[in-house]
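One-letter residues, chain by chain:
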Amino acid sequence: MFNIIRNEIIAENLHKLVIMAPRIARARKAGQFVMVRLAQGEERIPLTISDADQEEGTITLFIQAIGTATRKIVAAKAGESIRDVAGPLGQATHITTWGRVVCVGGGVGTAVLYPLVKALADAGNQVTTIIGGRSKPLIILSAELAQISTALIITTEDGSLGTQGFVTAPLAKLLGDAAQIPQAVFAVGPVPMMKAVAELTRPLKIETIVSLNPIMIDGTGMCGGCRVTIGTETKFACVDGPEFDGHLVDFDGLSDRLTCYRTEEACHLIPSECKIGRGATP
Ligand code: NAD
Ligand code: FES
């Protein structure tokens, strides 16, 4: 059992959970994740380890409550326990000293980006971080990222904080300035955002690493649920990733697979409106 130390509401449907997991806190590296199951019989979900405190023995997870499993997890209170937290899983981020690096985080993806920025800055890179969300309350970790980044740029779609627009606008501006061209770009967020980032860097041949979030079931390479197409190869995000070369990812295939259980998920959330068995295609 893994004790919940803190459960903070960061924004609407977004919680920060600090969980006692000393072994994982010691072993985890940037880019890795855990599989979390609240109780026996519940669904397992993958969550990136956003931070860890080795002295306290805790790990930090950001959870967007969008489905049945995530809603149940965020409803658990400090002092209660989570049955299974398995990890650290996945490949750690390949960290090297590129020189100038741009890290782009969209919405909740910023929680996944944070440990990457930390590791890249610790390795001596000059990190420009761009984070964006729909509006000010959905911008997370800005103070923490400002401390460790060389520069922090914020965008919101409604203009309530930073520059109005998508994260890709300031990235395009940086890429258009010969003095600011980065050697590598990291992007984490919604699939259309990561695709847009990869399309911006492709003509310039800038190494672009994206963190993928396909549906995962076991998290150990057994079920094939998290398969993604990378160039001509099929890879399992849980064991081969979650980070891949953004110029090789089949983003459209990933989008299709992410939405394939939407009807079932809706049935779990609102059973009275469930159309499965009443003419709808599951
Ligand atoms: P969102 O839809 O509110 O978008 C956040 C920001 O991303 C936007 O404000 C914009 O700046 C950028 N963005 C979105 N679409 C874009 C496009 N077409 N072109 C350029 N920029 C674009 O995001 P949200 O609701 O906070 O995040 C949820 C999404 O992030 C979910 O799809 C979730 O699966 C994904 N996510 C991914 C990871 C990962 O590891 N890749 C981790 C957590 C969440
Ligand atoms: Fe089963 Fe990756 S989650 S193979």
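Residues numbered from 1 in each chain as written. Chains lettered and ligands numbered in written order. Predicted model: local features only at pLDDT ≥ 70, side-chain atom pairs only at ≥ 80, totals over all residues. Heavy atoms only, no water.

A separate point is empty space enclosed by the protein. A full pass over the atoms with the stated rule returns one cavity of 30 Å³ or more. Its volume calculated, the largest cavity comes out at about 30 Å³. Taken together, Leu38, Glu42, Glu43, Ala69, Lys72 and Ile73 make up the full set of residues lining the largest cavity. Here the residues of the lining of the largest cavity sort into three nonpolar, no polar and three charged. (1 Å grid on protein atoms, 1.4 Å probe; cavity = no way out; pocket = protein on both sides within 12 Å on 5 of 7 lines; lining within 4 Å. Points joined across faces, edges and corners; volume = space filled by probe spheres on them. Nonpolar A, V, L, I, M, F, W, Y, C, P; charged D, E, K, R; others polar.)

Where strands meet in a sheet, backbone hydrogen bonds hold them as pairs that are either parallel or antiparallel. Strand order in the open sheet formed by seven strands is 12-11-10-9-13-14-17, with mixed pairing between adjacent strands. Each edge of the sheet is formed by a strand with only one pairing partner; in this case those strands are strand 12 (163-164) and strand 17 (243-245). Sheet strands in contact with helix 3 (residues 109-122) are strand 9 (100-106), strand 10 (126-133), strand 13 (184-188), strand 14 (207-211) and strand 17, and its direction is about 165° off that of strand 9. Against the sheet, helix 5 (residues 168-175) touches strand 9, strand 10 and strand 11 (151-156), its axis set at about 150° to strand 10. (Pairing = 2+ DSSP bridges. Helix = DSSP H or I, 4+ residues; strand = E, 2+ residues; numbered from the N terminus. Contact = heavy atoms within 4.5 Å. Axes fitted to C-alpha atoms, helices over the stretch in contact; angles between N-to-C directions.)

Attention now moves to the packing of helix 5 against helix 6 (residues 191-201). Viewed as axis vectors pointing N to C, helix 5 and helix 6 meet at an angle of 10°, and their least axial separation amounts to 10 Å. Regarding the angle of helix 5 to helix 6, the classification is roughly parallel. For the crossing formed where helix 5 meets helix 6, the hand is right-handed. Within the contact between the two elements, helix 5 uses Thr168, Leu171, Ala172 and Leu175 and helix 6 uses Ala196, Val197, Leu200 and Thr201. (Parallel < 35°, antiparallel > 145°, perpendicular 65-115°, else oblique. Left-handed = near helix turned anticlockwise from the far one by under 90°.)

When we look at burial in helix 6, the residues that qualify are Val191, Met193, Met194, Val197, Ala198 and Thr201. Down the axis of helix 6, the sector holding all buried residues measures 165°, keeping them to one side. The inward-facing, buried residues of helix 6 abut strand 9, helix 5, strand 13, strand 14 and helix 8 (251-258). (Buried < 20%, exposed > 50% of the residue type's maximum accessible area, 1.4 Å probe, protein only. Arc of directions from axis to C-beta.)

Moving on, we get to the site of ligand 1. Around ligand 1, 22 residues are found, and the nearest of them are Arg134, Glu157, Val167, Ser211 and Asn213. Take Val167: an N or O atom from its main chain is 3.0 Å from an oxygen atom of ligand 1. Those elements giving two or more residues to the shell around ligand 1 turn out to be helix 3, strand 10 and helix 6. A total of four residues in the shell around ligand 1 trace back to one element, the largest contributor, which is helix 6. (Near = heavy atom within 4 Å. Polar contact = N/O pair within 3.5 Å; in protein donor to acceptor, adjacent residues only side chain to side chain.)

Our next topic: helix 5. Listed in full, the buried residues belonging to helix 5 are Thr168, Pro170, Leu171, Leu174 and Leu175. In an axial view of helix 5, the angular spread of the buried residues amounts to 160°, which keeps them on one side of the axis. At its buried positions, helix 5 is contacted by strand 9, strand 10, strand 11 and helix 6.

Let us look at the environment of Gly176. Tracing the chain through its elements places Gly176 in the loop between helix 5 and strand 13. Counting along the chain gives 28 residues from Gly176 to Leu204, while the straight-line C-alpha distance between them is 10.0 Å.

Time to look at unusual backbone geometry. Across the chain, the bulk of peptide bonds are trans and the bulk of non-glycine residues have phi less than zero. In this structure, the amide linkage connecting Gly87 to the following residue, Pro88, adopts the cis form with an omega of 5°. Checked against the element boundaries, Pro88 lands in strand 8 (residues 84-89). Backbone torsion omega between Gly241 and Pro242 reads 15°, so that peptide bond is classified as cis. In this fold, Pro242 is placed in the loop between helix 7 (237-240) and strand 17. One non-glycine residue with positive phi stands out, namely Asn13, at about 65°. For Asn13, the position within the fold is in the loop between strand 1 (2-11) and strand 2 (14-20).

The full count for this structure, using the stated rule, is nine salt bridges. In this structure, Arg37 and Asp84 form a salt bridge, with 2.7 Å as the shortest nitrogen-oxygen distance. Of this pair, Arg37 sits in strand 3 (residues 33-37) while Asp84 sits in strand 8, and the two are 47 residues apart along the sequence. Relative accessible area serves as the criterion here: at 16%, Arg37 is assigned to the buried category. The partner of Lys72 in a salt bridge is Glu42, with the nearest N and O atoms 3.1 Å apart. (Salt bridge = Lys/Arg side-chain N within 4 Å of Asp/Glu carboxyl O.)

Moving on: the layout of surface pockets. Taken as a whole, the second largest pocket spans an internal volume of roughly 170 Å³. Considering the residues around the second largest pocket, the lining is formed by Gln91, Ala92, Thr93, His94, Trp98, Phe186, Glu207, Ile209, Asp240, Gly241 and Glu243. Class assignment for the residues of the lining of the second largest pocket results in four nonpolar, four polar and three charged.

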